[in-house]
Amino acid sequence: MRVKLTVAYDGTSYCGWQVQPNGITIQEKLNQAVSDLFGADIQTIGASRTDSGVHALGNVAVFDADTRMPADKIAFALNERLTRDIVIQKSEEVPADFHPRFAKTNKVYEYRILNRTFPDPLLARYTYFFHRRLDVKLMNAEAQALVGEHDFTSFASIKSQTNSFVRTIHQISVTRDDTDVITIHVEGNGFLYNQVRIIAGSLILVGSGQREAGFIKEALEAHDREASGPTAPPEGLLLVRIDY
């Protein structure tokens, strides 16, 4: 049986999603829990390889197991074996050929910025603190240049390993709530390495007056990583969900 897991986690204490030799990861903890539950060496396959310090409400993983346990009950059993900062939100059976990375998806990310004079210790793990006042209206207007199918070379890490930098952003918005948290909400068919964080860093430059209006469009058309802004810190990034 192939089982799909919807996984939420606080990424603060982890070296990202993917198993690596240099530190503890989300996937490593999942593999341990699944293997312990079924008494076999089972490796999970993840949909999105989030970076160190990045959080998720709805990342997806699958694994195969020879079991009679109902798929929807597996979440309860795994949560008993996981730490409080990794929680399975849902477990369900999927077709044997379902692959979380190769199936057609719509991914939803949010980048959150606490924009006020002083930081809030209760939000420090889940927002990027930026004290200079940001022009949200301008940031939202600039962001619309990214909607559609584009070559996003300017907004991808130079470490990106891909055959194509073309991606489609279906919608993007920048809003501020009454607690001075600015949310950059982005939906697309897939994202390049560090793409959302680079978009956030670029919009912060515009919103803070360090770059003029038109900067985002010019950066996009340059097809050059040096043309855009910095990579914003990981703690503000949240993988909201992956729709199949």
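Anything mentioned here points back to the structure above.
The model shown is predicted, which means the values in this text are computed figures rather than measured ones.

Caption draft 1: Quick look at the overall build of the protein chain. A tally of helices and strands in the protein chain yields 5 helices and 10 strands. Rg of the C-alpha trace for the protein chain: 19 Å, near the compact-globule value of 18 Å for 244 residues, within the 12% margin. For the C-alpha atoms alone, the extent of the protein chain along its principal axes is close to 60 × 40 × 30 Å. Counting over 244 residues, the protein chain shows a buried share of 51%. Pairs at least 24 apart in sequence give 70% of the contacts found in the protein chain among residues at least 6 apart. Total accessible area computed for the protein chain in this model is approximately 12,100 Å², and 49% of it derives from carbon and sulfur atoms. Considering the protein chain, the positive charge centre built from 26 side chains and the negative charge centre built from 30 side chains are found 1 Å apart.

Caption draft 2: Focus on the side chain of Thr-183. Its location among the elements puts Thr-183 in strand β9 (residues 181-188). What makes Thr-183 buried here is its relative accessible area of 15%. Not counting the four nearest positions on each side in its chain, Thr-183 is found in contact with Glu-110, Tyr-111, Arg-112, Ser-173, Val-174 and Thr-175.

Caption draft 3: Focus on the environment of Asp-41. One can find Asp-41 in the loop between α1 (26-38) and β2 (45-46). Residue Asp-41 is classed as exposed on the basis of its relative accessible area of 68%. Sequence spacing of Asp-41 and Asp-120 is 79 residues, and the spatial spacing of their C-alpha atoms is 42 Å. A polar atom in the side chain of Asp-41 sits 2.7 Å from the side chain of Gln-43.

Caption draft 4: Seen up close, the nonpolar core. One finds Phe-63, Leu-78, Leu-146, Phe-155 and Ile-184 to be the most contacted residues of the largest nonpolar core, which totals 63 residues. For this core, the leading source of residues is helix α4 (residues 195-207), giving 8 residues.

Caption draft 5: Structural detail: the pattern of salt bridges. With the rule as written, the count across this model stands at 11 salt bridges. With a closest N to O distance of 3.1 Å, Arg-241 and Asp-243 form a salt bridge. The exposure class assigned to Asp-243 is partly exposed, which follows from its relative accessible area of 29%. Members of the salt-bridge network, linked through shared partners, are Lys-4, Lys-90 and Glu-92.

Caption draft 6: Quick look at the pairing of strand β3 (residues 55-64). In terms of burial, β3 is largely enclosed, as 8 of its 10 residues are buried. Relative to β3, strand β1 (residues 2-9) runs antiparallel, the two sharing 7 bridges. Paired with Arg-2 across the strands is Asp-64, a residue of β3. Relative to β3, β2 runs antiparallel, the two being bridged by 2 bridges. What sits directly across from Gly-46, in β3, is Ala-61. Across 2 bridges, the pairing between β3 and strand β10 (residues 237-243) is parallel. What sits directly across from Ala-56, in β10, is Leu-239.

Caption draft 7: Region of interest: the layout of surface pockets. In this structure, the largest pocket occupies an estimated 1,100 Å³ of space. Going through the elements one at a time, β5 (106-114) and α4 are the ones with two or more residues in the lining of the largest pocket. Looking at which element gives the most residues to the lining of the largest pocket, the answer is α4, with 3 residues. Across the lining of the largest pocket, the residue classes break down as 13 nonpolar, 14 polar and 7 charged.

How each quantity is defined
Residues numbered from 1 in each chain as written. Predicted model: local features only at pLDDT ≥ 70, side-chain atom pairs only at ≥ 80, totals over all residues. Heavy atoms only, no water. Helix = DSSP H or I, 4+ residues; strand = E, 2+ residues; numbered from the N terminus. Rg over C-alpha atoms; globule rule 2.2 N^0.38 Å. Buried < 20%, exposed > 50% of the residue type's maximum accessible area, 1.4 Å probe, protein only. Contact = heavy atoms within 4.5 Å. Areas by Shrake-Rupley, 256 points an atom, 1.4 Å probe, with all protein chains shown as cover. Lys, Arg positive; Asp, Glu negative; His and termini not counted. Charge placed at Lys NZ, Arg CZ, Asp CG, Glu CD. Polar contact = N/O pair within 3.5 Å; in protein donor to acceptor, adjacent residues only side chain to side chain. Core = buried A, V, L, I, M, F, W, Y, C linked by side-chain atoms within 4.5 Å. Salt bridge = Lys/Arg side-chain N within 4 Å of Asp/Glu carboxyl O. Pairing = 2+ DSSP bridges. 1 Å grid on protein atoms, 1.4 Å probe; cavity = no way out; pocket = protein on both sides within 12 Å on 5 of 7 lines; lining within 4 Å. Points joined across faces, edges and corners; volume = space filled by probe spheres on them. Nonpolar A, V, L, I, M, F, W, Y, C, P; charged D, E, K, R; others polar.

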